[in-house]
Each structure stands twice: as structure tokens, then as C-alpha cells.
Amino acid sequence: MATAARSGTRLGRLERPAITGVLIREVVNFSSYWRSATFSSTVEPTIYLLAFGFGFGSLVSRVAGYSYVQFVGTGTVATAVLFSSAFPAMFGTFVKYQFQRTYDAILAAPVDTEELVTAEALWIASRAGVYGCVPLVVALAFGLDPAWGMLVVPFVSFLAGFGWACFGISIAGFANSIENFSYVISAVLTPLFLVAGTFFPLSKLPRWAQVAGELNPLHHCVELVRHAAFGFHSWDAARVAVLVAFGLAMWRLAIFAMTRKLID
Amino acid sequence: MPDELAIRLRGAVKRYGPITAVDGLDLDVPIGTCVGLLGPNGAGKSTTMRLLTAQAIADEGELEVLGFKLPEESKAARAQCGVAPQLDNLDVTLTVEQNLLVFAYLYRIARAERHDAIERALVMANLVDRRDTRVDKLSGGMRRRLLIARALVHRPRLVLLDEPTVGLDPQVRQELWALIDALRAEGTTILMSTHYIEEAQRLADTVLIMSHGKAVAAGPPLELVAHHAGREAVEVYGAPARLAEVEVAAAAAGLRTRRTGTSIAVLRLDDANGQVPEGERRPANLEDVFVLLTGEEIE
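Read on for a plain summary of the structure. (Residues numbered from 1 in each chain as written. Chains lettered and ligands numbered in written order. Predicted model: local features only at pLDDT ≥ 70, side-chain atom pairs only at ≥ 80, totals over all residues.)

## Some thoughts on the overall build of chain A
Thinking step 1. Along chain A, the regular secondary structure elements total 10 helices and two strands.
Thinking step 2. Against the 2.2 N^0.38 benchmark of 18 Å for 264 residues, chain A shows a C-alpha radius of gyration of 20 Å, consistent with a compact globule.
Thinking step 3. Its C-alpha atoms put chain A at 80 × 35 × 35 Å along the principal axes.
Thinking step 4. Of all 264 residues assigned to chain A, the portion counted as buried reaches 48%.
Thinking step 5. In chain A, of all internal contacts separated by at least 6 residues, the share reaching a separation of at least 24 is 80%. (Helix = DSSP H or I, 4+ residues; strand = E, 2+ residues; numbered from the N terminus. Rg over C-alpha atoms; globule rule 2.2 N^0.38 Å. Buried ≥ 20, exposed ≤ 12 C-beta atoms within 10 Å, placed from the backbone. Contact = placed C-beta atoms within 7 Å.)

Structure representation (C-alpha cells):
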């Protein structure tokens, strides 16, 4: 006995309708939680900016040739990007597969894990692109001079946000329980966040720490944003390349981790 | 064509470590029929359902859905399937209509048809008045109707229903049966897993009884009953000692029995040569077949 005549052809990889479908789900859902997401993604970096900028800024007036408020104001863009990408990706992904079983529903539709992960990361990266600009706007209000270069900040934030979103999705894919996230937050994210050149320049650190800092994608995000505000350097293209490489590597890792998790 | 198959499984095997959840399963679901997958908990029904959407990948065997080979062509098959899972995975902070809208996109319904598709699903689930209600404000029965309607929004050729009425009260189950029956009347092919015998008997054209990951019997419900349990059975009630006697006597007379918890049912009375114990006579049913084939003991 033959099976039913097939209608339609085999579908390809990374199809636009599949990615659009997952994005639409996120956009529709966002209407129900945008207030809290926007609050946590913008208020926290702004507090860092104000606390460090004015608290520490009263002790240290200039750092690496910039006024300290401007130094921190440009640096906390990366903090906003991290907080609005890695964290929602970790917790959101875990909740969606473990508690809400959303991914089971989506993967029963014509969507593959690769498309699901890609769409989720693009969505989080887009939010990071927007939220990343908030500290810069606050810094402008506190006297940072506007510059044309700042127009690239949303794109830098998007690019870095994509990598961190994929990082968060990977962690959620490998974690067996939500408690395991504490290890990653304490041992990985907090050090990377502090040693990124956000609050103090890496140039005053020991040599090994400077080399380690160059491996920190967040550091490149900090530097690119700072240069966008104060003038680009010749090495900035390399920094973009590092963020692209970070994004691509984390993207494949996230797909691997989630396929392992979602497909038996 | 009547002998075209919507689902064809040959020797499907799925192992989870030392456990073999599906163990050489053959399954045919002809186009336009409703097939019930009946079996106790842990028989492999849900794993079979996951194999059909390639959310589980078989270790061995040939699997075809709507003419597409699994797992490599699964996405094309999924585009024409609707799936209502056992565990509710609706977006609870969204409204009824928003849930359907999201799936209208996921199932790639063309923009011009999207509105009508959502309206049709709302009518089918009898949720037109609730379109703007958030899912977490719906009753359990409404949520289950929405879960099924969500699977139908793109007019799938094949619908997979995993335990569609589990945990619902009798009135709500009847509502859902009416919904599934309407779908059947439209000619949609349905594969439905259930451990409710009445559900399988009412809705399924053919039933496949699963035990330990294997098919132990398949056929139309009435034929299965006639073949395995005969036409008539007698229920004997009494103290445990009396029941044990009846069991021994029936075995000696070559009759099959099963325990029901409160009585002994002696089956296949048609084969008995007048030596029938005293008790309540009743027609044999699918439950008799189910217990005979899947075992009386709970593991």
C-alpha cells in the first residue's frame, strides 16, 4: 500500500515564514509584558550610570582622557545590552520549554529548532539594540556631546545582543534546572561585566588581565560604543569582527544545545 | 483512493536509555479515517505521537506521514498536520484570538485567508464570544477546545490528538467528542491516543491496542470485541474466595476471565457448552479486550 500522494515539496532550512511566525509570537506576547521588560532593562543600567558616574565621579574627574560621567555613560550601554539579552534569553528560554511548553507547540508546526533559536535570538537582539541606547540618552541629558558616530550604537548593541542572546539560550539548553544559572551568573557573567572597561579602563590592569579582557566580547562592545561617541579607532573593524565571530559561534552552540534539549 | 495512507509506520523503535518506549511498531492510518491508539499509561502512545512530528527521532524503522519520510521531510508533513498535545501549551497571557493568530502565522496561512481561518476556528471551538478573553481566565474545557481549534486553524489533512479529553469532566468530554466527530464528518484524518475505552469505541473507525511499545491488536472496535472477547460475558460478584473459585472453574472449562476489581468477568460465553456460572449477563466490550491484551496487573 502506498502512502498518500505528497503535495508540496520538501521545505528548506532557515525559512523566512518560520522565523516570521516565531517573531510574531514574541511581538504579540511582548504587548503583555513590555512594561516590566523595559523597566528592568533600562532602569538598572541607568542606576549604574548615575551611581558610578556621580558617586565615583566625585572622586575621579577624568579617566583615560574622558570625563568620568562620559566614560561610564558610554560604557553602561554594554551593561544594558547584557542585561537585556543574556538574562532574558536564559530565563525566558528555560521557562518556555520547561514550564510553558511553548517550544513543543512551535516545533509541532513547520518550524525547526534552528529557525526557532534564530528567531528568538533575533528578537532579543532587536530589543537589546533599542534598550542599549537608553544609557546613552541619559548620558546625553547629563552633558555628553552628541556625535554622528552614535548612530551606529543601535547596530553595535544588536550585534552584541545577538551573541549574548545565543549565549543565554545555550546556557538554558545545557542547564538541567534553573538553579544552575547561578553558577553562570556568578562565575561567568559578573566577571565579564566588571572587567569589560565599563567602570575602569583595562589599561591600568596587569598584562594578563588586559589580554583576558580582549577575549571578553563585552569589552569590544564597550570600546565600540565609546569610540562611536568620541571618534573611531583603526582597530574598531577588528572589534566588530570579534563580535560577529562571537555571535556566529554562540548561534551554532545555541542551536546544538536546544536541539539536544527539544528533540528526543 | 480508499487505500491511501496518511500515516505508515513499519518497525518503528524508540529507545530512551535502557527503556524501549516504542518497540517495533507497525501503524497504518488510512486517509479519511479516525484511528484510536489505545493503551495503558506507559504503553508508548505519547512517544509515538512525538515520532510523528519528529520531536522524537526513531532509532529504527520506516516512518511516513502524508507521503513524507521522517525525520528528513518532517517539516513538510508538519505543515499539513495539526497537533493537540496532551499538556496544554497555550500562551496564557494572550487572548483566545491572539493564540489563534500566532498559529495562523506559524502555519503560514496567507494574509488574505488569515482572518477567515481564525473566525472558522473560533466557531468550531464555540469560543466566538470569548475571543478577547485571556487564556488564563478560561475554564478547563474551553482551554482544551482552544487547544484543538489551534491545531485546526490551517485546515490540516491530518490531526494528531494526544489524550484529547484526559482529566475533564463528563460534560466537557461530550463537548469535545462532538467537536472531534464533526471533524471526522468533514473527512479529516485523525489519529487519537487515549486510555478511555469509551472514547475509542465512540470515535474510532479502527483501534490499535498498544502494550509495552508494541501493537497487540488492531481492527474495528466491534471486530476486536467479537474476536477476543466473544459476544457475551457474565459478571460474577461475591467475596474474594468465591471469585477465586469462579476463576478456577472457568479456566477448567476453557473460558477466559478477567478481574474487574469488584467482580470476575467470564468471557466468550459463546464457546461455553452450557457450563456458565450464575451472574449478570452483558455484551462483551472493548474494555474486556483491552484488559485481556494489555494485562490485568499494574506495573
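## Focus on the sheet that holds strand S11 (residues 232–237) of chain B
Residues and elements named next belong to chain B.
Thinking step 1. Strand order in this open sheet of four strands is S12-S13-S11-S14, and the pairing throughout is antiparallel. Looking along the sheet, the strands with just one partner apiece sit at the ends: strand S12 (257–259) and strand S14 (280–283). Averaged over neighbouring strand pairs, the angle between their axes works out to 25° when direction is ignored. (Pairing = 2+ DSSP bridges. Axes fitted to C-alpha atoms, helices over the stretch in contact; angles between N-to-C directions.)

## A closer look at the interface of chain B and chain A
Thinking step 1. Across the boundary between the two partners, chain B contributes 35 residues, which contact 32 residues of chain A.
Thinking step 2. Contributions of two or more residues to the side of chain B that touches chain A are made by strand S1 (5–16), helix H2 (74–79) and helix H3 (96–106) of chain B.
Thinking step 3. Examining the composition of the side of chain B that touches chain A, we find that six residues originate from one element, H3(B), more than from any other.
Thinking step 4. For the side of chain B that touches chain A, the class distribution of residues is 19 nonpolar, six polar and 10 charged. (Nonpolar A, V, L, I, M, F, W, Y, C, P; charged D, E, K, R; others polar.)

## Some details on the sheet that holds strand S4 (residues 60–65) of chain B
Residue and element names in this part refer to chain B.
Thinking step 1. If you trace the four strands from one edge of the open sheet to the other, you get S2-S1-S4-S5, paired in antiparallel fashion. Edge positions in the sheet fall to strand S2 (19–30) and strand S5 (68–69), since each of these pairs with one other strand and no more.
Thinking step 2. Of the pairings in the sheet, the one linking S1 to S4 comprises five bridges and is antiparallel in character. In the strand pairing of S4, Ile 7 is matched with Val 65.
Thinking step 3. Strands in contact with helix H1 (residues 45–52) are S1, S2 and S4; relative to S2, the strand with the most contacts, it is inclined by about 65°.

## Quick word on unusual backbone geometry
Thinking step 1. Note the cis peptide between B:Leu70 and B:Pro71, where omega equals 0°.
Thinking step 2. Looking at the element boundaries, B:Pro71 is found in the loop between S5 and H2.
Thinking step 3. A positive phi angle is found at A:Ala64, which is not glycine, with a value near 50°.
Thinking step 4. Relative to the helices and strands, A:Ala64 is located in the loop between strand S1 (62–63) and strand S2 (66–67).
Thinking step 5. For B:Arg108, which is not glycine, the phi dihedral falls at a positive 60°.

## Concerning the pairing of strand S6 (residues 81–84) of chain B
Residues and elements named next belong to chain B.
Thinking step 1. Judged by which residues are buried, S6 turns out to be covered on both faces: Cys 81 and Val 83 on one side and Gly 82 and Ala 84 on the other are all buried.
Thinking step 2. Pairing of S6 with strand S7 (residues 158–162) involves four bridges; the strand directions are parallel. Each residue of the ladder has a partner; that of Gly 82, found in S7, is Val 159.

## Brief notes about the pairing of strand S3 (residues 34–38) of chain B
Residues and elements named next belong to chain B.
Thinking step 1. Counting buried positions along S3 gives five out of five residues, so the element sits mostly inside the fold.
Thinking step 2. Along S3, one buried face is formed by Cys 34, Gly 36 and Leu 38 and the opposite face, lined by Val 35 and Leu 37, is buried too.
Thinking step 3. One ladder, built from five bridges, connects S3 with strand S8 (residues 189–194); its direction is parallel. Note that in S8 the partner of Gly 36 across the bridge is Met 192.

## Digging into H1(B)
Note on helix geometry: an α-helix contains 3.6 residues per turn, so any two residues three or four positions apart are oriented the same way.
Residues and elements named next belong to chain B.
Thinking step 1. Of all the eight residues making up H1, seven are buried; the element is thus mostly covered by neighbouring parts of the structure.
Thinking step 2. Of the residues making up H1, those classed as buried are Lys 45, Thr 47, Thr 48, Met 49, Arg 50, Leu 51 and Leu 52.
Thinking step 3. Ala 54, located one to two residues past H1, shows a positive phi value of around 60°.

What is shown is where atoms sit, not what they do.
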